[in-house]
Amino acid sequence: MKKILVTGANGFIAKHIILNLLENNYKVRGTLRNLSLSEIVKSDIKKYFDSSFDIEFFKASLDSDKGWNEAINGCDVILHTASPFPQKKPKNESDLINPAREGTLRVLNAAQQNSVERVIVTSSNAAVYDGNKHITEFDEKSWTNINAKGVSAYTKSKTIAEQAAWDFVSKNPSIKLSTINPVLVWGPGIGNHSNSTSLIICRMLMNREMPIIPRMKVPLVDVRDVAKAHISSIENNNSIGKRFLLCENTYWMKDISLKMKKMGYNSPTIVAPDFLIKFLSNFDSTLKEASSKLGYDYSIKSNQAKNILGFDPIKIEKTIEDTYIYLKSIKSIE
């Protein structure tokens, strides 16, 4: 029975991965910045997994070497899901970029030192499509242009961290790497993830916390599909050396709101004029990145994930419905 290490075990995606691993009879380890969270993770997963189970937890942080050798030693596969994600824009973008890059290299170095060959890194669509408005169709060969105007520190951090991982394995071929690159992730959480940025966006639409919506496209995927893709990557050697874009589809925000409205949610349907969003972005940093994507029509292709990992995405209507039920259950929505 393979032993799998999941870094950042208390994360939105990570808990779904752990549940899938347990359901597929893997032994599981997890890293946490704070071990006091271990009982919460176990309790959350227990609500969805009937059999008894045990997860080993190790204290490890992306900004320190401490704990990584102990966590990785004896494992067969590492699923590196941990990544810094700021609740607000950092004053210095290196405060976000450096931990992401150095943390990824820290995990890869520890993997090599402990003879763990198989590593799967949870990257992001942020490392694929941004800063390329001349392109309208993206696949796994696409990379974000971090030098383009308006590219956020988070987007740079994901791109630089993933590029560092591929550069590392090019020099250390004993490591067999895959990356999973999901787009904006919605779906039901395991435990309380009310602070998840992606779920906050969903809640704001459902609750009409934004009275008007920008004229921009949003790519979506269900968290349950993201977790399954990680398990499929473990079990399929054809995934080695490849990136996998996970996207159910791309939608104009108005179309998402109209779907929500049709399903009975109190969603905004008025599209704001572009000039208004650009003007408001001078006072609201969260609108800065949005303003650079106004009117940008593009698609994201997941053919490689479908052909190799068997990615068969849950339809957006099911994702929206289950996300609403979840947000209501944690009292994040009325």
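Up top is the structure these notes are about.
Residues numbered from 1 in each chain as written. Predicted model: local features only at pLDDT ≥ 70, side-chain atom pairs only at ≥ 80, totals over all residues. Heavy atoms only, no water.

Novice: A description of helix 1 (residues 12–23) should follow, citing residues and the corresponding values.
Specialist: Over its 12 residues, helix 1 runs 18 Å from end to end, which matches the ideal 16 Å to within 8%, given 1.5 Å per residue. With 11 of its 12 residues buried, helix 1 lies for the most part within the structure. Looking at helix 1, one finds that the buried residues are F12, I13, A14, K15, H16, I17, I18, L19, N20, L21 and L22. (Helix = DSSP H or I, 4+ residues; strand = E, 2+ residues; numbered from the N terminus. Expected span 1.5 Å × (residues − 1). Buried < 20%, exposed > 50% of the residue type's maximum accessible area, 1.4 Å probe, protein only.)

Novice: Explain the pattern of salt bridges residue by residue, including any values.
Specialist: A side chain of one charge can pair with a side chain of the opposite charge when the charged atoms of the two come close. Summed over all chains, the structure comprises 18 salt bridges. We note a salt bridge from E56 to R29, for which the minimum N-O separation is 3.1 Å. With E56 in strand 3 (residues 55–59) and R29 in strand 2 (residues 27–32), the pair connects residues that are 27 residues apart, well separated along the chain. Of the charged contacts in the structure, one is a salt bridge between E117 and K176, with a shortest N-O distance of 3.1 Å. Placement of the pair is E117 in the loop between helix 4 (94–113) and strand 5 (118–122) and K176 in strand 7 (residues 176–182), with a sequence separation of 59 residues. For E117, a relative accessible area of 42% gives the class partly exposed. Three or more residues joined by partner-sharing salt bridges are found here, namely D222, R224, K318 and D322. (Salt bridge = Lys/Arg side-chain N within 4 Å of Asp/Glu carboxyl O.)

Novice: Tell me about the sheet that holds strand 2, residues and numbers included.
Specialist: Sheet architecture is open: seven strands sit in the order 3-2-1-4-5-7-10, paired in parallel fashion. Both edges of this open sheet fall to strand 3 and strand 10 (243–246), since each of them pairs with a single strand only. Pairwise comparison of adjacent strand axes, ignoring direction, gives a mean angle of 20° for this sheet. One ladder, built from four bridges, connects strand 1 (residues 3–7) with strand 2; its direction is parallel. Bridge pairing in strand 2 places L5 opposite R29. Here helix 2 (residues 38–46) sits on the sheet and contacts strand 2 and strand 3; the angle it forms with strand 3, its principal contact strand, is near 150°. With respect to the sheet, helix 4 is in contact with strand 4 (77–80) and strand 5, its orientation differing from that of strand 4 by roughly 175°. (Pairing = 2+ DSSP bridges. Axes fitted to C-alpha atoms, helices over the stretch in contact; angles between N-to-C directions. Contact = heavy atoms within 4.5 Å.)

Novice: Before we move on, can you summarise unusual backbone geometry with the specific residues and values?
Specialist: The phi angle at N25 is positive, at roughly 65°, despite the residue not being glycine. Considering the arrangement of structural elements, one finds N25 in the loop between helix 1 and strand 2. The exposure class of N25 is exposed, given its relative accessible area of 55%. The backbone of R208 sits at a positive phi, close to 55°, despite the residue not being glycine.

Novice: Mind laying out the pairing of strand 10, listing which residues take part and the relevant values?
Specialist: The side-chain alternation of strand 10 yields two buried faces, one formed by R243 and L245 and the other by F244 and L246. Here strand 7 runs beside strand 10; their pairing, made up of four bridges, is parallel. Looking at strand 10, one finds that N181 is bridged to L245.

Novice: Before we move on, can you summarise helix 8 (residues 253–262) with the specific residues and values?
Specialist: Every buried residue of helix 8 is accounted for by M253, I256, S257 and M260. An end-on view of helix 8 places all buried positions within 95° of arc, on one side of the element. Those residues of helix 8 hidden inside the fold are in contact with strand 8 (184–186), helix 6 (197–206), strand 9 (217–222), strand 11 (249–252) and helix 12 (316–329). (Arc of directions from axis to C-beta.)

None of the figures reported here should be taken as evidence of function without further support.
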